Amino acid sequence: MRKITTFIAIAAISFINIGCDRFLDIQPEGKIIPTTAEDYRKVLTSAYSKYPVHKSLTALRTDEVNIDENGMDFISYREIAMWKDSNNDPASTEFPWVNFYTVNFYLNQIINEGSKTMQESSEKSQILAEAYALRAYLYFDLVNLYGKPYNSATASVDRGVPINLDIDLEQVLKPSSVQEVYNQVHADIKKAEELMVEQTQATGVNYRFSKTALKAFQARTALYEGDWNNALNYANQVLAVKSDLSNLNTTNTPPNHYASTESIMALDNTWDNSIKNMTFASQDMISSYNSTDKRFGIYFEKNGSKYKIIKGGSSDFRVSFRTAEQYFIKSEALVKLNKLDEAKETLLKVLKNRYTPDGYTSVQSTVSTMNAGTFMNFIMDERYREFALEGQRWFDLRRANQKKITHTINGKEYILQQNDVRYTIEYPMSAKKNNPNL
């Protein structure tokens, strides 16, 4: 058993013509068994480059897009848009599972073996910190795809996902609870905090974790947990270091561009080209913007009677965390902490950079009369507009009202009811076939 595992491990971490897009600054060549910090940096770069492209898949389940029935890949994605997770057509694309655990293997290798073989240095600390941070991020994504939304009252019994912290590929793992997965996320974040060296990452390598990106991740994690004090605390820590916003009245560069002044970490390819080419913006999405909203012309382009999404679709538009999200998290936390005036002031800092001057004046006037409930709804509406097609909508719907959504495909209506059980994605069939514990 050990020989088999070792063989697989060596094969998995060998590098033979690993192609990184221009966004990744290293292109490993040859074959290595890692021992040095340089070796493990290459392993970590491969882990980053192999991180699953899954957030655009979640968009197909939301009220952001409609699927083009004439699209080349229609048969591959239609069942996702139908919320059909079981008894799938063999041609249907599955949400990633093996890919997540493959990246997890790389990270476990770095954490478990690299910690022993790398010589002590600041580079070793940084590599280990990033490995812990990326593993935390991976399990955060996994549990929010395949586990129920976090609820402190039920998280200890709600089914999450299997946790694997070893490099034994022959383990047959059972799912941990949602709470256990979040506990592991927090444990890995704590280790990353202790080891992290870099405050920020330079443009071009800002797919990597840094101290600031880790704080942004902590703010999002606290938001999903409804931990309002920590959400506010971490968002404030991020904004104390990086608070720049992209003014869409003076630039046409989308704020989710990896080189945007807003970029904190730019790992995720949130809008895959194959999905971009076979979808168009939903009527709900289009009608949510008004004529003074500068985001609309940067995010969408009219194509006949429909609107295509032009916001992403290339490695230039990778985004994991950006400053606007921290303002939104701060504003939402302040509402929940009964600090309405400060919440409004915080969100308006973003909106001043998103609407024309006249439009902003109108928004400012409207916001001034809102009570806490109305303003909370407004925050969620603005999140819908701001983070369109960045992979946040599905998770916002899950943690908020789990609204009813209707998709029409081939002339037939498919309905995701309010609070539908399908707001939690089933484990992929291929995963269940390979693990009887799932």
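What you are looking at is a predicted structure, and each value in this text was computed from that prediction instead of being measured.

Conventions adopted
Residues numbered from 1 in each chain as written. Predicted model: local features only at pLDDT ≥ 70, side-chain atom pairs only at ≥ 80, totals over all residues. Heavy atoms only, no water. Helix = DSSP H or I, 4+ residues; strand = E, 2+ residues; numbered from the N terminus. Buried < 20%, exposed > 50% of the residue type's maximum accessible area, 1.4 Å probe, protein only. Contact = heavy atoms within 4.5 Å. Polar contact = N/O pair within 3.5 Å; in protein donor to acceptor, adjacent residues only side chain to side chain. Expected span 1.5 Å × (residues − 1). Axes fitted to C-alpha atoms, helices over the stretch in contact; angles between N-to-C directions. Parallel < 35°, antiparallel > 145°, perpendicular 65-115°, else oblique. Left-handed = near helix turned anticlockwise from the far one by under 90°. Nonpolar A, V, L, I, M, F, W, Y, C, P; charged D, E, K, R; others polar. Salt bridge = Lys/Arg side-chain N within 4 Å of Asp/Glu carboxyl O. Phe/Tyr/Trp six-rings, centres within 6.5 Å; stacked < 30°, edge-to-face > 60°. Lys NZ or Arg CZ within 6 Å of the ring centre and 35° of its normal. pLDDT = per-residue confidence, 0-100.

**Remarks on the side chain of Glu325**
And then number 1: Structurally, Glu325 can be placed in helix H13 (residues 323-336).
And then number 2: You can call Glu325 buried: its relative accessible area is 1%.
And then number 3: Not counting residues up to four positions away in its chain, the partners in contact with Glu325 are Arg220, Ser320, Phe387 and Gln392.

**With respect to the environment of Lys344**
And then number 1: The residue Lys344 is located in helix H14 (residues 340-351) in this model.
And then number 2: Sequence separation of Lys344 and Met370 is 26 residues, and the distance between their C-alpha atoms is 9.2 Å.
And then number 3: Aside from chain neighbours lying at most four places away, what touches Lys344 is Val367, Ser368, Thr369, Met370 and Phe375.
And then number 4: A distance of 2.7 Å separates the side chain of Lys344 from the backbone oxygen of Met370, its partner in a polar contact.

**Some thoughts on helix H6 (residues 122-146)**
Residue pairs spaced three or four apart in an α-helix point in one direction, given the helix's 3.6 residues per turn.
And then number 1: For H6, built from 25 residues, the straight-helix expectation of 36 Å at 1.5 Å per residue is met to within 8% by its first-to-last C-alpha distance of 36 Å.
And then number 2: Counting buried positions along H6 yields 22 of 25 residues, so the element is predominantly enclosed.

**Digging into the packing of H14 against helix H16 (residues 372-386)**
And then number 1: Packing of H14 against H16 leaves a shortest axis separation of 11 Å and a crossing angle of 20 degrees. Put simply, H14 runs roughly parallel to H16. Like other packed secondary-structure pairs, H14 and H16 cross with a definite hand, here left-handed. Every residue of H16 that contacts H14 at Leu340, Ala343, Lys344, Leu347, Val350 and Leu351 is listed here: Ala372, Phe375, Phe378, Ile379, Glu382 and Glu386.
And then number 2: Residues of the contact of H14 with H16, tallied by class, amount to 9 nonpolar, no polar and 3 charged.

**Points about the side chain of Ser260**
And then number 1: Mapped onto the fold, Ser260 is located in the loop between helix H9 (228-241) and strand S2 (263-265).
And then number 2: Owing to a relative accessible area of 10%, Ser260 belongs among the buried residues under this scheme.
And then number 3: Discounting residues that sit within four places of it in the chain, Ser260 has contacts with Ser246, Pro254 and Pro255.

**Examining the pattern of salt bridges**
When the charged atoms of two side chains lie near each other, side chains of opposite charge can form a pair.
And then number 1: Evaluation of the coordinates by the stated rule reveals 29 salt bridges.
And then number 2: Here Arg41 ties to Glu123 by a salt bridge, and the two come within 3.4 Å at their closest N and O atoms. One end of the pair, Arg41, is in helix H2 (residues 37-49); the other, Glu123, is in helix H6, with 82 residues separating them in the sequence.
And then number 3: The buried category is assigned to Arg41, whose relative accessible area is 7%.
And then number 4: The exposure class assigned to Glu123 is partly exposed, which follows from its relative accessible area of 33%.
And then number 5: Measuring nitrogen to oxygen at the nearest pair gives 2.7 Å for the salt bridge that ties Glu390 to Arg322.

**Here we look at the packing of helix H5 (residues 98-117) against H6**
And then number 1: Remark: H5 packs on H6, axes separated minimally by 10 Å, with the N-to-C direction vectors making an angle of 150 degrees. By the angle between their axes, H5 is roughly antiparallel relative to H6. Helix-helix and strand crossings are classified by hand; for H5 and H6 the assignment is left-handed. Along its contact with H5, which presents Phe100, Tyr101, Val103, Asn104, Leu107, Asn108, Ile110, Ile111, Gly114 and Ser115, the element H6 presents Lys124, Ile127, Leu128, Ala131, Tyr132, Leu134, Arg135, Leu138, Tyr139, Asp141, Leu142 and Leu145.
And then number 2: Looking at the contact of H5 with H6 residue by residue, the classes come out as 15 nonpolar, 4 polar and 3 charged.

**Describing the packing of aromatic side chains**
Given two aromatic rings, one states the distance between the centres and the angle between the planes to describe the pair.
And then number 1: Summed over all chains, the structure comprises 28 aromatic pairs.
And then number 2: Aromatic pair Tyr299 and Phe300: ring centres 6.2 Å apart, planes at 70 degrees, arrangement edge-to-face.
And then number 3: An aromatic cluster is defined as three or more aromatic residues linked by ring pairs; in this entry it consists of Tyr51, Phe100, Tyr137, Phe140, Tyr150, Tyr182, Phe209, Phe217, Tyr224, Phe321 and Phe395.
And then number 4: When the ring centre of Tyr384 is taken as origin, the NZ or CZ atom of Arg393, which lies over that ring, is 4.1 Å away.

**Side note on unusual backbone geometry**
Trans is the prevailing form of peptide bonds, just as negative phi is the prevailing case for residues other than glycine.
And then number 1: In the Ramachandran plot, Asn338 falls in the positive-phi region, its phi being about 65 degrees despite a non-glycine side chain.
And then number 2: Considering the arrangement of structural elements, one finds Asn338 in the loop between H13 and H14.
And then number 3: Residue class for Asn338 comes out exposed when judged on its relative accessible area of 72%.
And then number 4: Despite not being glycine, Leu389 has its phi angle at roughly 60 degrees, a positive value.

**With respect to the confidence of the model for the protein chain**
And then number 1: Summing up the model confidence of the protein chain, the mean pLDDT is 91 and the portion of residues at 70 or higher is 92%.
And then number 2: Segment residues 1-30: pLDDT under 50, and 59 contacts once partners within four positions in sequence are set aside and those in other chains are kept.

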